[in-house]
Amino acid sequence: MKTQVLSAQQTGAAAAAAEIIKNGGLVAIPTETVYGLGANGLDENAVREIFRVKGRPQDNPLILHITGPEDIERFAHGVPQAAYTLAEKFWPGPLTMVLPARANVPRRTTGGLDTVGLRCPDCDVTREIIRLAGVPIAAPSANISGKPSTTTAQHVLDDHEGKIPLIVDGGPCRVGVESTIVDLTGRRPRLLRPGGIGPEELLAVLGDLVVDKAVTAQIDQDEVVRAPGMKYRHYAPQEPVVIVSGSREKAAAYIRAHFEPGDRVLCFEEELPLYEGCAPLSYGREADVDTLSAGLFAALRELDDAGIHQVYARCPVGGGVAYAIQNRLKKAAAFHVIDAEELL
Ligand code: AMP
Ligand code: MG
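The notes below deal with the structure included here. (Residues numbered from 1 in each chain as written. Chains lettered and ligands numbered in written order. Predicted model: local features only at pLDDT ≥ 70, side-chain atom pairs only at ≥ 80, totals over all residues. Heavy atoms only, no water.)

1. Examining the environment of Thr67
So, point 1. Among the structural elements, Thr67 can be located in the loop between strand S4 (63–65) and helix H3 (72–75).
So, point 2. Judged by its relative accessible area of 24%, Thr67 falls in the partly exposed class.
So, point 3. Remark: the alpha-carbon pair of Thr67 and Ile130, spanning 63 residues in sequence, is separated by 6.7 Å.
So, point 4. Beyond its immediate stretch of four places on either side in the chain, Thr67 contacts Cys120, Arg127, Ile130 and Arg131.
So, point 5. Here Glu70 takes part through its side chain, which lies 3.4 Å from a polar atom of the side chain of Thr67. (Helix = DSSP H or I, 4+ residues; strand = E, 2+ residues; numbered from the N terminus. Buried < 20%, exposed > 50% of the residue type's maximum accessible area, 1.4 Å probe, protein only. Contact = heavy atoms within 4.5 Å. Polar contact = N/O pair within 3.5 Å; in protein donor to acceptor, adjacent residues only side chain to side chain.)

The following block contains the structure:
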């Protein structure tokens, strides 16, 4: 199969993508978070193809992408008022809400769960594709399962050339990390995954928020969790990653003392001069955390290289999107963090 890449600006790109979706095929779609591998979320066979092409475990549910709050009731029931309040404030945008699923949503899409994740992406061409297709688009991140997510059309091509018919190129993703996921089916709202919308912003609207333990700690393979995706190894290059926390100077002293040939350093642009001779790679500016989230996965993909022995990573502190960066880097590092402040 030849994989075509169409610019989102190109006339007919959305129509071509919608046609493939309507016919049960796969299309890689841009969003503000990451590129998704999309298909008709109501078509079991189309959804099966997503799992096959991505190599994704069957119990890891897919998010349904919709055009706005008016679609919530089509796929969810027993919708609390909070869902509409959140949609009003954060949609279109990087927020996924988990709600009780209606029977029209195949259990293959929800990974066997009786809940469904819904999101309205902040990307004009993708909302247009959904509208033209007339169905919700189920889409996980377009990377091969377990690998760092795809934030450019080229990343998708690298992973799936010849395996999907079309990639819609909307340029590099603005946010660069996956959506914030909040579960509204329990007694209290629960943060299942941090993302572009910070926990403080959710708390300000909801007045209450439990942070699921999968956000902050390693989950055992056999553990039962609310968002099954959380238990799998994620976002990781093939070599081990270790996060080195602490001040710029102390972290650099630790890393420089332990650095060996074949290692790499993933750091902030401001820190590059500290790592001369240590093969540093910057993923953005610490002073502008949005550049870090936007650059994180491209950097992790660049570091996914059999020739690399180990990666020392620097991670921003604080809330908002920095909280999501901490989560992704900790997962890539299998929660291996060294505090340089304690050691020196
Ligand atoms: P991905 O699109 O690859 O980032 O993965 C989507 C993630 O959304 C899954 O790994 C789950 O963690 C989460 N998710 C989707 N639907 C549900 C649901 N019904 N309940 C809980 N989590 C969900
Ligand atoms: Mg993913």
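2. Considerations on the site of ligand 1
So, point 1. Every one of the 20 residues lining ligand 1 counts as a neighbour, but Arg56, Asn60, Thr115, Pro140 and Arg193 are closest to it.
So, point 2. The contact in question runs from an oxygen atom of ligand 1 to an N or O atom on the side chain of Arg56, over 2.9 Å.
So, point 3. Between Arg193 and ligand 1, the recorded distance is 2.6 Å, taken from a side-chain N or O atom to an oxygen atom.
So, point 4. When isolated, ligand 1 has an accessible area of 500 Å², and the protein chains bury 96% of it.
So, point 5. Taken together, the elements giving at least two residues each to the shell around ligand 1 come down to strand S6 (115–119) and strand S10 (190–193).
So, point 6. If you tally residues by element for the shell around ligand 1, the top one is S6, at three residues. (Near = heavy atom within 4 Å. Areas by Shrake-Rupley, 256 points an atom, 1.4 Å probe, with all protein chains shown as cover.)

3. A look at the packing of aromatic side chains
So, point 1. Counted according to the given criterion, the structure contains two aromatic pairs.
So, point 2. Centroid distance Phe268 to Tyr283: 6.1 Å. Interplanar angle 40°. Geometry classified as tilted. Here Phe268, found in the loop between strand S13 (263–267) and strand S14 (280–282), pairs with Tyr283, found in the loop between S14 and helix H10 (289–302); they are 15 residues apart in sequence, far enough to count as distant. As far as burial versus exposure is concerned, Phe268 and Tyr283 are alike and both buried. (Phe/Tyr/Trp six-rings, centres within 6.5 Å; stacked < 30°, edge-to-face > 60°.)

4. A look at the state of the cysteines
So, point 1. For the structure on display, the rule yields zero disulfides.
So, point 2. Just so you know, Cys278 is unpaired, no disulfide at all, and the nearest cysteine sulfur is the one on Cys267, 9.6 Å from it.
So, point 3. Summary of cysteine pairing: Cys315 is not part of a disulfide, and the nearest cysteine sulfur, belonging to Cys267, is at 13 Å. (Disulfide = S-S within 2.5 Å.)

5. Focus: the pattern of salt bridges
So, point 1. Inspection of the entire model under this criterion finds 19 salt bridges.
So, point 2. For Glu19, the salt bridge goes to Lys22, with nearest N and O atoms at 3.9 Å. Here Glu19 and its partner Lys22 are both found in helix H1 (residues 13–22), three residues apart, which amounts to about one turn of the helix.
So, point 3. A relative accessible area of 46% places Lys22 in the partly exposed class.
So, point 4. For the salt bridge of Glu341 with Lys250, the shortest nitrogen-to-oxygen distance reads 3.4 Å. (Salt bridge = Lys/Arg side-chain N within 4 Å of Asp/Glu carboxyl O.)

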